[in-house]
Amino acid sequence: MTKIDLKSMDFEELQLFMAELNEPGFRGKQVFEWIHKKQVTSFDEMTNLSKSLREKLQQNATLGGVEMVRRLVSQMDGTRKYLFALENDSVIESVLMKYEHGNTVCISTQAGCRMGCRFCASTIDGVERNLSPGEMLSQVYEIQRDCGAHIHGVVLMGSGEPLDNYENVVKFIRLINHPEGQNMGQRHITLSTCGLIEKMYLLEQEHFQITLAVSLHAPNDEIRKKIMPVARANPMDRLLAACFNYTEKTKRRITFEYAMMQGVNDSDDCARELAGKLQNMLCHVNLIPINDVKERDYTKSTDERVKRFAAILQRSGVETTIRRKLGSDIDAACGQLRRSHLKSK
Ligand code: SAH
C-alpha cells in the first residue's frame, strides 16, 4: 500500500483524512499545525497526539518532503544555495537570499524543465517530474530550520515552469499562505513564468495577491523565438494582452524579466521597441545580466550596455531596475549546482 502524503493536503483534506481514521474534528487542525506551523518532520514529534494515533499515522501516511544533500554559503552576502534530494533519485536546488526587508527563498517547482529556453541550464535534460505541494513547502521549511530565521517571502524561480505544474503550485500558494501554517503574505510570493498564456488567464481567476513575473527577454517574437521555443505557441501580442488583463483584474503590477545577452537582445533599438510595447502597462522591468552557463553560448551584456538599456526604458516612462547579483562566490547561477551534481554521478 502506498502511504498518503499529509504535507500536500489542504486543511479540509486533512480533516477528512482524520475523520476517516475516526478521529474528532480538532485533530485535523492539530496535525495541520504540526506540519505547517511547527514544521516537524516526524509523527513522533506530534506530542499532543496519543501514541496509538501517532502509530496509526505512521502506518498510513508520510510527511513527504525533501532532504538536504549539499549546502553552499556565500562569504560575501550570506546567500545560501541548497541541493535537495526528492524521494526518488531526483535532485533540485533552492536558494536563500538575504535582503534588508527579510529572507526570501527561491524554490523549484519541477525537477528539470521542458520549456527549452536556450540560455537556461535547468532545461538541458528536459523535465523529470512535477514537484508536489509538500515538496515545494519542504524547501521553505527546511531552509527556515537550517538558517534559524523567519522566511518572509518566496519566489518560484528555481528549476521548472510553475504554470506547467499548475494545480500543485496553486495548492502550494494556498498552503504557504494559510493562517494556521507559515502564514506567508501573498504579496510576498512571486510566481515567474516563461509566458504560458492560457494558464495566466486561469491564474488571474484565483484572485491571488501574488506578484506575477513574466520572462520576456526580448522586444519581439523574432528574437524571442530564437531564445525561447515557448514563444512559438505563445506570441507576444497575445502574451502582452494576457499581462494587461492580469493587471486590470488583480490591480497588481507585473514584473518583466529581461536577461541581457550580448548582441542578441541588448541593442538601443531593442530597448526602444520594448518601451513602446510596455507604454500602457502597470509594470516594472527587471534587467538581469545573464549568468554564464557552460553548456550555452550566450555572453552577458556589458555593464555599460545594461545601464544604457535601462536609461532608454526609464526615459520612456517604463520603471526599470537592474538586478543585483547575490552569491557570486558560490556560483548561484540558475540550475548549475544540480547539473554539476548530475554529471558527477
Ligand atoms: N520557468 C519560469 C521560472 C524559472 S526560471 C520562467 O521562465 O520564468 C527563473 C528566471 O531565470 C527566468 O526569468 C529565466 O528566464 C531566468 N534564467 C534562466 N537561465 C538564466 C541565466 N542563465 N541567466 C539569467 N537568468 C536566467
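Source: prediction; values computed, not measured. (Residues numbered from 1 in each chain as written. Predicted model: local features only at pLDDT ≥ 70, side-chain atom pairs only at ≥ 80, totals over all residues. Heavy atoms only, no water.)

(A) Main features of the site of the ligand. Neighbouring the ligand are 18 residues; E161, S192, S215, H217 and N291 lie closest to it. Take S215: an N or O atom from its side chain is 2.6 Å from an oxygen atom of the ligand. One of the backbone nitrogen or oxygen atoms of N291 is found 2.9 Å away from a nitrogen atom of the ligand. In the complex, the protein chains occlude 94% of the 530 Å² of accessible area that the ligand would expose alone. Among the residues forming the shell around the ligand, the class breakdown is nine nonpolar, seven polar and two charged. (Near = heavy atom within 4 Å. Polar contact = N/O pair within 3.5 Å; in protein donor to acceptor, adjacent residues only side chain to side chain. Areas by Shrake-Rupley, 256 points an atom, 1.4 Å probe, with all protein chains shown as cover. Nonpolar A, V, L, I, M, F, W, Y, C, P; charged D, E, K, R; others polar.)

(B) Spotlight on the sheet that holds strand β12 (residues 254–260). Taken in spatial order, the ten strands line up as β3-β4-β5-β6-β9-β10-β11-β12-β13-β14 in an open sheet, and their pairing is mixed. If you trace the sheet from one side to the other, it starts and ends with β3 (67–73) and β14 (320–322), each paired once. Averaged over all pairs of adjacent strands, the angle between their axes in this sheet comes to 25 degrees, without regard to strand direction. Together, β9 (151–156) and β10 (189–193) form the strand contacts of helix α5 (residues 166–176), whose direction differs from that of β10 by roughly 170 degrees. (Pairing = 2+ DSSP bridges. Helix = DSSP H or I, 4+ residues; strand = E, 2+ residues; numbered from the N terminus. Axes fitted to C-alpha atoms, helices over the stretch in contact; angles between N-to-C directions. Contact = heavy atoms within 4.5 Å.)

(C) Inspection of the domain arrangement of the protein chain at higher detail. Looking at the assigned domains, one finds that the protein chain contains domain 1 (4–62) and domain 2 (67–344). Distance between the C-alpha centres of domain 1 and domain 2: 33 Å. With 15 residues of domain 1 at the contact, the number on the domain 2 side is 16 residues. Overall, the association of domain 1 and domain 2 removes approximately 1,200 Å² of surface from exposure, summing both partners, and the carbon and sulfur fraction of that is 50%. For domain 1, the biggest contributors to the area lost against domain 2 are K7, S8 and Q39; these three give 43% of the whole. Linking domain 1 to domain 2 there are three salt bridges. Between E180 and K37 there is a salt bridge whose closest N-O contact spans 3.8 Å. Summed over the shared surface of domain 1 and domain 2, the number is nine residue pairs in polar contact (both at pLDDT 80 or more). Every element with two or more residues in the side of domain 1 that touches domain 2 is listed here: α1 (11–20) and α2 (26–36). Examining the composition of the side of domain 1 that touches domain 2, we find that five residues originate from one element, α2, more than from any other. (Domains from an automatic or database assignment. Buried area = accessible area lost by both parts, 1.4 Å probe. Salt bridge = Lys/Arg side-chain N within 4 Å of Asp/Glu carboxyl O.)

(D) Representation of helix α11 (residues 336–344) within the structure. Those residues of α11 that fall on the buried side of the exposure criterion are Q336, L337, R338, R339 and H341. Where α11 is buried, its residues meet β3, β4 (80–85), β5 (91–99), β7 (110–112) and β8 (127–130). (Buried < 20%, exposed > 50% of the residue type's maximum accessible area, 1.4 Å probe, protein only.)

(E) Up close: the pattern of salt bridges. Tallied over the full model, the rule gives 22 salt bridges. Residue E206 is joined to R174 by a salt bridge in which the shortest nitrogen-to-oxygen separation is 2.5 Å. Placement of E206 in the loop between α6 (197–204) and β11 (211–215) and of R174 in helix α5 is noted, with a sequence separation of 32 residues between them. K277 is the partner of E273 in a salt bridge, and the nearest nitrogen-oxygen pair spans 3.5 Å. Here K277 and E273 lie together in helix α9 (residues 268–277), a separation of four residues that amounts to about one turn. Through salt bridges that share partners, K29, E33, K37 and E180 make up one connected network.

(F) Summary view of the packing of aromatic side chains. Counted by the stated rule, this structure contains three aromatic pairs. Look at Y82 and F84: their rings are 5.6 Å apart centre to centre, the planes differ by 5 degrees, and that puts the pair in the stacked class. For F84, a relative accessible area of 0% puts it in the buried group. Where Y258 meets F309, the ring centres are 5.0 Å apart and the plane angle is 40 degrees; that geometry is what we call tilted. In this pair, Y258 sits in strand β12 while F309 sits in helix α10 (residues 303–315), placing the two residues 51 residues apart along the sequence. Among the residues examined, F309 registers a relative accessible area of 0% and is labelled buried. Here the basic side chain of K38 rests over the ring of W34, its NZ or CZ set 4.0 Å away from the ring centre. (Phe/Tyr/Trp six-rings, centres within 6.5 Å; stacked < 30°, edge-to-face > 60°. Lys NZ or Arg CZ within 6 Å of the ring centre and 35° of its normal.)

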